[in-house]
Amino acid sequence: MAAEIYVVSGFLGAGKTTLIQKLLREAFSQKKVVLIENDFGEISVDAALLKSGSIEVKELNSGCICCSLAGDFVRALQELLERFHPDIIIIEPSGVGRLSDIIKACLDPRILPLAEVKAKITVVDVKRCQMYLDNFGEFFEDQIEKADVILLSRTGNFPGKVNDAYEMVKNLNGHAVTFSKPWEQIKAAEIIAPGSEPGGCTDHCGLPGCGCENHDEHGLGHDCHCHPVNLAEDIFDTITIRTKRVFSIEELEMRVLNMERQAKGTILRAKGIVRGVDGYINLQYLPGDICITNCAAHGDMVCIIGRNLNRQELCTLLGGE
């Protein structure tokens, strides 16, 4: 039996890893799962957070699947299918990757006999989606236009932005099943197989006018772009900073705030795992939003993604090497 592929895409910091954790916990706990992580930096922070004894994790770093790693991705996917014979493959592309190129790779003749794409899921941050659309349209739009399932994230934190984000998504892709309810109100089964649960699309969305008659009957949706105009590597900078420093949560927060205020260029995302006073701590940063928590995973680095970044300046600000 062919393995089932679920692609979970979304722009930087939208909430892909949180969604994957939900799917693993609620839908795939009894399945043999392989997770393919593609981080834009040298090391995948998300992979470190998702690893467990029952999940095989394959990391593809230092580039995008849709760009410099395209051939590597197809080979890695074929190898994983032939070696582990998984029931489920979850692919988390880089936040600046194009969903269309991921799907194209999954339709490679070497993959088709072994696996089938079951759902193309995109997570959209209601707080930042308009800014991403305005500034990074070709990457952001592709992730929405090629999805068959879309989940709005941070809806509970920013209820005033939900309607505008929902309308923006539906204007870009009227075929996708779109969820705007808080995620704790959504069953994983609804996400991976929309339409299988009672209630139809209006129940999924929590908003009227979903237009469920427009759903893609074939699952794979729209045609893929064969040759993207711009590569993510040409548009975005990625800097990985290693550090042996032991941070308190307060010190790390202070350094990130200083980085936000003082650093040259535009910082779109920062994430990392570093040594803390009582173990290890996980940093998740988006403009105007810092989250620092204790974590079980070990690490010694922070990955920063943005434009026109200065490595030495960021290293000094964060106390790296």
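Up top is the structure.
Before going into details, it helps to say that this report is about the structure given with it.

**What about the overall build of the protein chain?**
Along its length, the protein chain carries twelve helices and twelve strands. When contacts within the protein chain are restricted to residue pairs at least 6 apart in sequence, long-range pairs at least 24 apart make up 75% of them. For the protein chain, the accessible area works out to roughly 14,000 Å², and carbon and sulfur atoms hold 48% of it.

**Things to note about the environment of F247**
Of note, F247 is situated in the loop between β8 (237–242) and α11 (249–262). Given a relative accessible area of 2%, F247 falls into the buried group. Placed 72 residues apart in sequence, F247 and G319 show a C-alpha to C-alpha distance of 9.6 Å.

**Here we look at helix α12 (residues 311–318)**
Along α12, the residues that are buried comprise E313, L314, C315, L317 and L318. Here the buried face of α12 lies against β8, α11, β9 (266–276) and β12 (301–307). The opening residue of α12, the one whose side-chain oxygen lies 3.1 Å from the backbone nitrogen of Q312, is N310. G319, located one to two residues past α12, shows a positive phi value of around 75 degrees.

**Focus on the pattern of salt bridges**
What the rule picks out here adds up to twelve salt bridges. Between R98 and E138 there is a salt bridge, with the nearest N and O atoms lying 2.7 Å from each other. In this pair, R98 sits in the loop between β4 (88–92) and α4 (99–106) while E138 sits in helix α6 (residues 137–145), placing the two residues 40 residues apart along the sequence. The salt bridge involving R245 is made with E251; its shortest N-O contact spans 3.4 Å. When salt bridges that share partners are traced, they join D125, R128, R154 and D289 into one network.

**Brief notes about unusual backbone geometry**
Excluding glycine, most residues fall at negative phi; most peptide bonds, likewise, are trans. The phi angle at H85 is positive, at roughly 45 degrees, despite the residue not being glycine. Residue position: H85 is located in the loop between α3 (70–84) and β4. Positioned with a positive phi, N308 is a non-glycine residue whose angle comes to about 55 degrees.

**Details of the packing of α6 against helix α7 (residues 162–172)**
Interaxial distance between α6 and α7 falls to 9 Å at its minimum, and their mutual angle equals 80 degrees. Classified by the angle their axes make, α6 and α7 are roughly perpendicular. When α6 is examined against α7, the residues F140, E141, I144 and E145 are found in contact with a partner set consisting of M168, V169 and L172.

**Concerning the pairing of strand β6 (residues 149–153)**
The buried count for β6 comes to five of five residues, which makes it a mostly enclosed element. Taking every second residue as pointing to the same face, both faces of β6 are buried, with V149, L151 and S153 on one and I150 and L152 on the other. Taken together, the five bridges between strand β5 (residues 115–125) and β6 define a ladder with parallel strand orientation. Each residue of the ladder has a partner; that of V123, found in β6, is L151.

Definitions and limits used
Residues numbered from 1 in each chain as written. Predicted model: local features only at pLDDT ≥ 70, side-chain atom pairs only at ≥ 80, totals over all residues. Heavy atoms only, no water. Helix = DSSP H or I, 4+ residues; strand = E, 2+ residues; numbered from the N terminus. Contact = heavy atoms within 4.5 Å. Areas by Shrake-Rupley, 256 points an atom, 1.4 Å probe, with all protein chains shown as cover. Buried < 20%, exposed > 50% of the residue type's maximum accessible area, 1.4 Å probe, protein only. Polar contact = N/O pair within 3.5 Å; in protein donor to acceptor, adjacent residues only side chain to side chain. Salt bridge = Lys/Arg side-chain N within 4 Å of Asp/Glu carboxyl O. Axes fitted to C-alpha atoms, helices over the stretch in contact; angles between N-to-C directions. Parallel < 35°, antiparallel > 145°, perpendicular 65-115°, else oblique. Pairing = 2+ DSSP bridges.

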